[in-house]
Amino acid sequence: AAIPALLYYMGILIQVQLRASKDGLVGVPKSQLPKAMEVLKAQGHLIIPILFLLYMLFFSGSTVVYAAVLTIGVTIVVAAVKKATRMSLKQIVDALADGAKQTVSVAMACACVGIVVGVSSKTGFGLTMAKTIISLGQTSILFTLVFTMVTCMILGMGVPSIPAYIITATVAAPALAKLGIPEISAHMFSFYYAMFANLTPPVALAAFAAAGLSGGDPMRTGFAAVKLAIAGFIVPFMFVYSPQLLLIDTTFLEGVRVTIGACFGVFLIGVAVEGYLFTKVNILLRLVAAGGALALIDSGIYTDIAGLCILVLLVAYQYLSAKKATKP
């Protein structure tokens, strides 16, 4: 799972960088950044509650609510160690009230999702729909993959990672395996899209949680998340058509070659989606970039060469166009 995860986060970072460049956003100068050691010396003790929360969630066996309540108490105690971070009674009450207000939108979303998931599971609608959608793919691997993607996102709505995997593994993965797809690839494909239900509207629990923290609109946050994670939606297709990305039955050199090609493919996806590279990319070149990305998804030598040629020509053309536009 390491290489697909790398490709997913790389795709997000590339799109964020391209969008920032397109919008003229720049980072804070290094001279204005706070010194890491000074920050740790002044407020480093506030890391302790985070570590405590992680321990409670992953190793203590306690419930999420119990872990959260204890962590709130630990945070207040740890903050009181130093005068600069010590909270008064009023600040504690205000923080608790603010936290309660921010959870309202998330709680409403969870309640709605609970109704949808409950109806789907009790009536068997989810499993029936899954079997129907997968059967539509028949013997075509591509169609089956697309329909399985939709199915897994439906079944993964509002469900934690482990139950989501169990549900999709029993419904979707066997259908993929029957088409000759390696079992590991089939299970990873199902699991990936079950997780993407957390950021795909209309459910998008992760987007609702993020919107609660940022104060943004939950649905707009969800659609923005989908756009930023577009490379992640393509990565599972990559490791189905190129099992080497999961390091299945491959040599080290072949794995390196396929991984590098996939990284370039993710870069081209970012260019195609954001429409920017040194300067604005026109619609025709965006389509060419998308075609180059698809060529690099396939693990074949000739498709990789074609994709790399598109990448080099696109980068060169955009660089020269940007240089020409800046000339007086």
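Please refer to the structure placed before this passage.
Bear in mind the structure is a predicted one, so any value in this text is a computation, not a measurement. (Residues numbered from 1 in each chain as written. Predicted model: local features only at pLDDT ≥ 70, side-chain atom pairs only at ≥ 80, totals over all residues. Heavy atoms only, no water.)

Asks: For this particular structure, what's the right way to read the packing of aromatic side chains?
Replies: Ring pairs (aromatic) are described by centroid distance and by the angle formed between their planes. The final tally for this structure, using the stated rule, is seven aromatic pairs. Centre to centre, the rings of Phe 189 and Tyr 193 are 4.9 Å apart; their planes meet at 65 degrees, and the pair counts as edge-to-face. Separated by four residues within a single helix, Phe 189 and Tyr 193 lie in helix 10 (residues 183-196), roughly one turn from each other. Each member of the pair, Phe 189 as well as Tyr 193, carries the same accessibility label: buried. Among the aromatic residues, those joined into a ring-pair cluster are Phe 189, Tyr 193, Phe 233 and Phe 237. (Phe/Tyr/Trp six-rings, centres within 6.5 Å; stacked < 30°, edge-to-face > 60°. Helix = DSSP H or I, 4+ residues; strand = E, 2+ residues; numbered from the N terminus. Buried < 20%, exposed > 50% of the residue type's maximum accessible area, 1.4 Å probe, protein only.)

Asks: Looking at this model, I keep getting lost on the packing of helix 11 (residues 205-214) against helix 12 (residues 218-228). Mind explaining?
Replies: The description of two packed helices rests on the angle between their axes and on the distance between the axes. Contact pair helix 11 / helix 12: the axes reach a minimum separation of 8 Å and the direction vectors enclose 120 degrees. When the interaxial angle is binned, helix 11 and helix 12 end up oblique. In terms of crossing hand, the pair formed by helix 11 and helix 12 is right-handed. Across from Ala 207, Phe 208, Ala 210 and Ala 211 in helix 11, the residues of helix 12 making contact are Pro 218, Met 219, Thr 221 and Gly 222. Taken together, the residues of the contact of helix 11 with helix 12 break down into six nonpolar, two polar and no charged. (Axes fitted to C-alpha atoms, helices over the stretch in contact; angles between N-to-C directions. Parallel < 35°, antiparallel > 145°, perpendicular 65-115°, else oblique. Left-handed = near helix turned anticlockwise from the far one by under 90°. Contact = heavy atoms within 4.5 Å. Nonpolar A, V, L, I, M, F, W, Y, C, P; charged D, E, K, R; others polar.)

Asks: Even after reading the chapter, I still don't get helix 10, so can you show me in this structure?
Replies: Note on helix geometry: an α-helix contains 3.6 residues per turn, so any two residues three or four positions apart are oriented the same way. Between the first and last C-alpha of helix 10 there are 20 Å, a value that for 14 residues agrees with the 20 Å anticipated at 1.5 Å per step. Turning to helix 10, its buried residues are Ser 185, Ala 186, Met 188, Phe 189, Ser 190, Tyr 192, Tyr 193, Ala 194 and Phe 196. (Expected span 1.5 Å × (residues − 1).)

Asks: Is there a simple way to think about the nonpolar core in this case?
Replies: Nonpolar side chains in soluble globular proteins tend to end up buried together. Residues Leu 7, Phe 189, Tyr 193, Phe 196, Met 238, Phe 239 and Leu 245 are the most contacted members of the largest nonpolar core, which totals 48 residues. At the level of secondary structure, the elements contributing two or more residues to this core comprise helix 1 (2-22), helix 7 (141-155), helix 9 (173-178), helix 10, helix 13 (230-241), helix 14 (252-274), helix 15 (283-297) and helix 16 (301-326). Broken down by element, this core gets its largest block of residues, eight residues, from helix 14. The contact partners of Leu 245, leaving out residues within four places of it in the chain, are Ile 3, Pro 4, Leu 7, Met 238, Phe 239, Val 258, Thr 259 and Ala 262. (Core = buried A, V, L, I, M, F, W, Y, C linked by side-chain atoms within 4.5 Å.)

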